[in-house]
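Chain by chain, the residues:
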Amino acid sequence: MIRAVVLISGRGSNLAALLAASLPVEFAAVISNRPQAEGLEHARRRGIPAIALDHRNYAERTAFDAELMRHIDAYRPDVVVLAGYMRILTEGFVAHYADRLVNIHPSLLPAFPGLDTHRRALAEGVKIHGCTVHFVTDRVDHGPIIAQAAVPVLSDDTEATLAQRVLAQEHRLYPMALRWLAEGRIEIVDGVARVSGEASQALLVPVSGPHGTPA
Ligand code: GAR
C-alpha cells in the first residue's frame, strides 16, 4: 500500500474513478482549493478527510502553496495526485514533491498543454485526441509520460462530445497508471517513464459506436 493525497478543484470525476478502482493505495486525504468543489463529496462519502483550502485567502501564490504543502505533509503521502487541480504550482511545490507528483491532462501531450484542450483540438482539425498521465515538472503540463489514451475525433464532434469521449478514457487511464506507481513498477530513465512488464503504456479506443464510444 502506498499513501496518496489527491488535489482537486471541481467535479472530481477522476477522483471518483480512482476511489472506485480498488487500488493498493490508501487515500489519506483529498484537498480542494475551491471550497465548493463537488468532488469533496466523493471523499466525505468514503470517510476520507476532505479539506477545503481557499486560494483566495492568500495574497501570494507561494504563501498558498506553503500552506498546501503543510496540509499535505501532515498525511505523509508517498504520492500526490492531481485530479483536475486547476492551479499553477510554484517551483518550490514541484521540487518538494519531485518524482512523486502526478497529473492527468486532457490531451495527448506534448500537444495542447494548458486550457480548452478539446476546443483547440477541434480547431486544429486533429484526427486523434486523448489524455495523458505524467509526472509533474515545473513546466505546465509537462513531464515524463506514464500513460496515454487515444480516441478518434469524429467529423460531427462538438467540444462536449469530444470531452465526454476523452473523459471516459481518463477514468480508465488514471487508475491504471496509479496502480503501476503503487506497484513500484515505474522507472524514469533519461526523462522517459517506463513500466516494467508492460509492452505498452497506451490505451487505444477504436471507432465503433455512433460517437466513437465502444458499441
Ligand atoms: C479532467 O478532464 C482533467 O483531465 C482536467 O480537468 C478535468 C477535471 O475533471 N485537468 C486539467 O485540465 C489539468 N491541466 P474531474 O474534476 O471530473 O476529474
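Preceding block: the structure.
Keep in mind the model is a prediction, meaning the values are calculated, not measured. (Residues numbered from 1 in each chain as written. Predicted model: local features only at pLDDT ≥ 70, side-chain atom pairs only at ≥ 80, totals over all residues. Heavy atoms only, no water.)

Q: Would you mind showing me how to read the overall build of the chain here?
A: If you tally the helices and strands in the chain, you get 6 helices and 10 strands. For a compact globule of 215 residues, the expected C-alpha radius of gyration is about 17 Å, and the chain comes in at 17 Å, within 12% of that figure. Expressed along its principal axes, the backbone C-alpha trace of the chain runs to roughly 45 × 40 × 35 Å. Buried residues in the chain amount to 49% of all 215 residues. Taking all contacts inside the chain whose residues are at least 6 apart in sequence as the whole, residues at least 24 apart take part in 59%. Across the chain, 21 positive and 23 negative side-chain charges occur, with their mean positions spaced 4 Å apart. (Helix = DSSP H or I, 4+ residues; strand = E, 2+ residues; numbered from the N terminus. Rg over C-alpha atoms; globule rule 2.2 N^0.38 Å. Buried < 20%, exposed > 50% of the residue type's maximum accessible area, 1.4 Å probe, protein only. Contact = heavy atoms within 4.5 Å. Lys, Arg positive; Asp, Glu negative; His and termini not counted. Charge placed at Lys NZ, Arg CZ, Asp CG, Glu CD.)

Q: I would appreciate a short explanation of the pairing of strand β7 (residues 145-152) in the present structure.
A: The two faces of a sheet get side chains in turn, since along a regular strand they alternate between them. Of all the 8 residues making up β7, 6 are buried; the element is thus mostly covered by neighbouring parts of the structure. Strand direction decides the pairing type here: β7 and strand β10 (residues 202-204), joined by 3 bridges, are parallel. Directly across from Gln148, in β10, lies its bridge partner Ala202. (Pairing = 2+ DSSP bridges.)

Q: Before we go on, may I ask you to explain the sheet that holds strand β5 (residues 101-105) in this structure?
A: Strand pairing in a sheet is mediated by backbone hydrogen bonds. Such pairs are either parallel or antiparallel. With respect to topology, 8 strands assemble into an open sheet ordered β3-β2-β1-β4-β5-β6-β7-β10, the strand pairing being mixed. Each end of this open sheet is capped by a strand with a single partner; those strands are β3 (50-52) and β10. Within this sheet the neighbouring strands show an average axis-to-axis angle of 20°, counted without direction. Looking at chain direction, strand β2 (residues 25-32) and β3 are connected through 3 bridges and run parallel. Of the residues in β3, the one forming a bridge with Ser32 is Ala52. (Axes fitted to C-alpha atoms, helices over the stretch in contact; angles between N-to-C directions.)

Q: Just checking my understanding: could you explain the packing of helix α1 (residues 13-20) against helix α6 (residues 159-182) for this structure?
A: Two measures define how a pair of helices packs: the angle their axes make with one another and the distance between the axes. Contact geometry of α1 with α6 gives a least axis separation of 9 Å together with a crossing angle of 45°. On the basis of the axis angle, α1 is oblique to α6. Every pair of crossing elements has a handedness; the one defined by α1 and α6 is right-handed. Between α1, through Ser13, Asn14, Ala17 and Leu18, and α6, the contact on the second element is made entirely by Leu167, Glu170, His171, Tyr174, Pro175 and Leu178. Within the contact of α1 with α6, the residues separate by chemical class into 6 nonpolar, 3 polar and 1 charged. (Parallel < 35°, antiparallel > 145°, perpendicular 65-115°, else oblique. Left-handed = near helix turned anticlockwise from the far one by under 90°. Nonpolar A, V, L, I, M, F, W, Y, C, P; charged D, E, K, R; others polar.)

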